[in-house]
Amino acid sequence: MFPHYRLVGFCGLPGAAALGRLGTGDPGRRAAEAEKVAHSYAAGREPLPVLELLATVANSSAGPDGTYRSRTPAATIRRFHRVARERKALLLLNIQPGRAAVLDEVKALRDWLVHPDVGVALDPEWEMRSGEVPGDTYGHTDGHELTKVARYLSGLVEKHDLPQKPLVFHQVATSVVGEQSALRPQPGVALIKSADGIGSPGLKRGTWRELVNDLPDGLHTGFKLFYEEDAEGSRLMTPKEVLALRPQPEYVMYE
């Protein structure tokens, strides 16, 4: 996958405009827009448009099973996978687990993950321990758990003879991912650490420097931008500014 491609796209969920641009308007039009944005980030690489669909969404209420999460219907995932195929894009299934076990949520998506154009994005900010409620505090994962997910995906890649599969984890603060040194790359899986966080260009550069310091070997980088929130009281960073970051982000995602 790298360094041949640069991944660029939108995230979201239909009917929930606050969760990202992908959830607004016609999915085909959003995919076409993502493709156009992706080309502005090519910089010598082949741009690969990405549709990052929220497949597991954290909730502030426990729900009938007490997991503080809901799963996106298969029909919705199918619709976005069809759009991704039509646009030759990559579908990333984003998981906000609440109190559910992360690996269980990944395994629940197996029927989609056996496709060559579907990967996983984890949002550990929304991964809660017992007694914690999404939205009240930052969640947490660690290198051991991320390695377990990567190992599972690696097994699918080998069993089904798939191309390298991306595994993104978004990180909004250093506390969200512990024991990063325990993260172990797995065959057939491209590990991508995506720097999250809202703010001015200066604030976002500061967060970037903090989060990419002492990256483990084999870990690629991503960068997240917010069309509305970043621009409140400031402005959205330009592709030229994002590409000037070091190391240069290999995945750029807009919410």
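You'll find the structure just up there.
Report on the accompanying structure.

Concerning the overall build of the protein chain
Within the protein chain one finds 7 helices and 11 strands. Taken against the 2.2 N^0.38 rule, which gives 18 Å for 255 residues, the C-alpha radius of gyration of the protein chain at 17 Å falls within 12% of a compact globule. Expressed as lengths along the three principal axes of its C-alpha atoms, the size of the protein chain is roughly 45 × 40 × 35 Å. Each of the 255 residues in the protein chain was classed as buried or not, and the buried ones make up 56%. Considering only residue pairs separated by 6 or more positions, the protein chain has 74% of its internal contacts joining residues 24 or more positions apart. Working note: accessible area of the protein chain is about 11,100 Å², and carbon and sulfur atoms make up 49% of it.

A short note on the pattern of salt bridges
Close approach of charged atoms allows side chains of opposite charge to pair. This model, assessed by the stated rule, comprises 14 salt bridges. Between R85 and D117 there is a salt bridge, and its shortest N-O distance comes to 2.7 Å. Placement of R85 in helix α2 (residues 74-86) and of D117 in the loop between α4 (110-113) and β5 (118-122) is noted, with a sequence separation of 32 residues between them. Assessed through its relative accessible area of 43%, R85 is described here as partly exposed. Residue classification places D117 among the buried positions, given a relative accessible area of 13%. As a salt-bridge pair, E241 and R235 come within 2.7 Å of each other at their nearest N and O atoms. Judged by relative accessible area, which is 40%, R235 ranks as partly exposed. Overlapping salt bridges bring together D65, R69, R71 and E105 as one network.

Notes on the pairing of strand β10 (residues 219-225)
The buried fraction of β10 is high, at 6 of 7 residues. Looking at chain direction, strand β9 (residues 189-195) and β10 are connected through 5 bridges and run parallel. Pairing of S194 across the sheet is with G222, part of β10.

As for the side chain of R45
Examined against the element boundaries, R45 turns out to sit in the loop between α1 (27-39) and β2 (46-58). By relative accessible area, which is 19% here, R45 ends up buried. Separated by 3.0 Å, the side chain of R45 and the backbone oxygen of Y5 make a polar contact. A distance of 2.8 Å separates the side chain of R45 from the side chain of E250, its partner in a polar contact. Excluding its chain neighbours within four sequence positions, the residues that come into contact with R45 are F2, P3, H4, Y5, R6 and E250.

A look at the layout of surface pockets
Quantified by volume, the largest pocket comes out at close to 350 Å³. Lining of the largest pocket is provided by 23 residues; of these, Q96, W126, K224, F226 and E255 occupy positions nearest its centre. Split by residue class, the lining of the largest pocket holds 12 nonpolar, 4 polar and 7 charged.

A word on the nonpolar core
With 59 residues, the main nonpolar core has Y41, L91, L93, V106, L122, L153 and L167 as its most contacted residues. When near neighbours in sequence (up to four residues on either side) are disregarded, L167 contacts V120, L122, L146, V149, A150, L153, V189, A190, L191 and I192.

A few points about unusual backbone geometry
With an omega of 10°, the peptide bond between F2 and P3 qualifies as cis. On the secondary structure map, P3 appears in the segment before β1 (5-12). A cis amide bond links R246 to the next residue, P247, at an omega of -5°. The topology assignment puts P247 in the loop between α7 (239-243) and β11 (251-254). The phi dihedral of A43 falls on the positive side, at around 45°, and the residue is not glycine.

Criteria and cut-off values
- Along each chain, numbering runs from 1 in the same order as the chain's sequence is written.
- With the structure being a predicted model, the display of local features is reserved for residues of pLDDT at least 70 and the display and counting of side-chain atom pairs for 80 or more, all residues being used for whole-chain, interface and lining totals.
- Side-chain metrics in this entry use all non-hydrogen atoms of the structure; hydrogen atoms and water are not considered.
- Runs of E in the DSSP output that reach at least two residues are strands. Runs of H or I that reach at least four are helices, and both are numbered from the N terminus.
- Two things to know: the radius of gyration comes from C-alpha atoms, and the globule rule equals 2.2 Å times the number of residues to the power 0.38.
- Buried residues are those whose accessible area, probed at 1.4 Å on protein chains only, stays under 20% of the maximum for their type, while exposed residues exceed 50% and partly exposed ones sit between those limits.
- Whether two residues touch is decided by their heavy atoms; if any such pair falls within 4.5 Å, the residues are in contact.
- Computed with the Shrake-Rupley method and a 1.4 Å probe, the accessible areas treat only the protein chains shown as cover for residues.
- Take a side-chain nitrogen of Lys or Arg and a carboxyl oxygen of Asp or Glu: if they are within 4 Å of each other, that pair is a salt bridge.
- Should DSSP find at least two bridges between two strands, the strands are taken to pair.
- Under the rule applied, a polar contact is a pair of N or O atoms within 3.5 Å (in protein, one hydrogen donor and one hydrogen acceptor; residues adjacent in sequence only if both atoms are side-chain atoms).
- Here a cavity denotes a set of grid points, spaced 1 Å apart and computed over the protein atoms alone, in which a 1.4 Å probe fits but from which it cannot get out, and a pocket denotes an open set meeting protein on both sides within 12 Å along at least five of seven lines; residues with an atom within 4 Å of a point are reported as lining.
- Grid points are joined across faces, edges and corners, and a volume is the space filled by probe spheres set on the points.
- For this classification, Asp, Glu, Lys and Arg are treated as charged, while Ala, Val, Leu, Ile, Met, Phe, Trp, Tyr, Cys and Pro are nonpolar and the rest, including Gly, are polar.
- Grouping buried Ala, Val, Leu, Ile, Met, Phe, Trp, Tyr and Cys residues that are joined through side-chain atoms within 4.5 Å yields what is termed a nonpolar core.

Shape descriptors only; they carry no functional weight alone.
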